[in-house]
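Each chain is listed here by its residues.
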Amino acid sequence: MLRLLEDKIATPLGPLWILCDEQFALRAIEWEEHSDRMEQLLNIHYRNDGYERISATNPGGLSDIMHDYFSGNLAIIDTLKTATGGTAFQREVWQALREIPCGQVMHYGQLAEQLGRPGAARAVGAANGSNPVSVVVPCHRVIGRNGTMTGYAGGVQRKEWLLRHEGYLLL
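Residues numbered from 1 in each chain as written. Predicted model: local features only at pLDDT ≥ 70, side-chain atom pairs only at ≥ 80, totals over all residues. Heavy atoms only, no water.

Engineer: So what's going on with the pattern of salt bridges? Residues and values would help.
Structural biologist: One pass over the structure, following the stated rule, counts 10 salt bridges. When the shortest N-O distance is used, the salt bridge between Glu-22 and Arg-3 registers 2.8 Å. Of this pair, Glu-22 sits in the loop between strand E2 (16-20) and strand E3 (26-31) while Arg-3 is found in strand E1 (residues 2-9), placing the two residues 19 residues apart along the sequence. Measuring nitrogen to oxygen at the nearest pair gives 2.5 Å for the salt bridge that ties Glu-6 to Arg-53. Of this pair, Glu-6 sits in strand E1 while Arg-53 sits in strand E4 (residues 51-55); the two residues are 47 residues apart in sequence, bridging distant segments of the chain. Shared partners join several salt bridges into a network, and the residues in it are Arg-3, Glu-22 and Glu-52. (Salt bridge = Lys/Arg side-chain N within 4 Å of Asp/Glu carboxyl O. Helix = DSSP H or I, 4+ residues; strand = E, 2+ residues; numbered from the N terminus.)

As structure tokens, this is what we get:
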């Protein structure tokens, strides 16, 4: 059975859940008011083998690292290990998201082209939307072709804040 260590931290954008395995690889990060979505994804990915959630304070230093990110140490999230469920295609999209440099964005079509699937913008969007490790796997760095702040599971206001924080959007 997978043991998930969990902590909840305060951020400028509201409370944030951080869940990792016993090797401190991130399995989920989600805003508190979307914890039902996180539970659904955990069940999809880990229900078959079973998992349990265990309260932990700052597991593996991850809570401190996320505080550092929100305090301005933007590159620190690039050092974090993730271990997510999902299909091979989803994991491929999530890995590509981690390659978008801080302070830059792509649109869904560009990401699909980068993955060698130029007609798969919608599939990329769906994979982006099911990312279980928001912020660290920076799905907020993907925007609409025309520059619009298209859907972000945590809310468009958070997406805009994160992009300002990372230097893409000016105040």
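Engineer: Can you tell me about helix H2 (residues 62-70), naming the residues and giving the values?
Structural biologist: Considered for burial, the residues of H2 that qualify are Leu-62, Ser-63, Ile-65, Met-66, Tyr-69 and Phe-70. Buried residues in H2, looked at end-on, bunch into an arc of 160°, giving them a common side. Close packing links the buried residues of H2 with E1, E2, E3 and helix H6 (156-165). Once H2 ends, the next one or two residues include Gly-72, with phi positive near 120°. (Buried < 20%, exposed > 50% of the residue type's maximum accessible area, 1.4 Å probe, protein only. Arc of directions from axis to C-beta. Contact = heavy atoms within 4.5 Å.)

Engineer: I'd like a rundown of unusual backbone geometry, residues and numbers included.
Structural biologist: Residues apart from glycine generally show negative phi values, whereas peptide bonds are mostly found in trans. Within the chain, Phe-24 stands out as a residue other than glycine whose phi angle is a positive 65°. Structurally, Phe-24 is set in the loop between E2 and E3. At Val-135, a residue that is not glycine, the phi angle is positive and equals roughly 70°. By the element assignment, Val-135 lies in the loop between helix H5 (121-129) and strand E6 (142-143). On the basis of relative accessible area, Val-135 is assigned to the buried category, the value being 0%.

Engineer: Kindly report on the packing of aromatic side chains, identifying the contributing residues and their values.
Structural biologist: Within the structure shown, the criterion is met by four aromatic pairs. Ring centres 6.4 Å apart and planes at 70° place the aromatic pair Tyr-46 and Tyr-51 in the edge-to-face group. An angle of 80° between the planes, with centres 5.1 Å apart, marks the rings of Tyr-69 and Phe-70 as edge-to-face. Its relative accessible area of 0% is what places Tyr-69 among the buried residues. (Phe/Tyr/Trp six-rings, centres within 6.5 Å; stacked < 30°, edge-to-face > 60°.)

Engineer: Go over the pairing of E3, please, and point to the residues and values.
Structural biologist: Counting buried residues along E3, six of its six residues qualify, which places the element largely inside the surrounding structure. Note: E2 against E3, five bridges, orientation antiparallel. Paired with Leu-16 across the strands is Trp-31, a residue of E3. Here E2 hands over to E3 after five residues, with Phe-24 in that stretch at a positive phi of 65°. (Pairing = 2+ DSSP bridges.)

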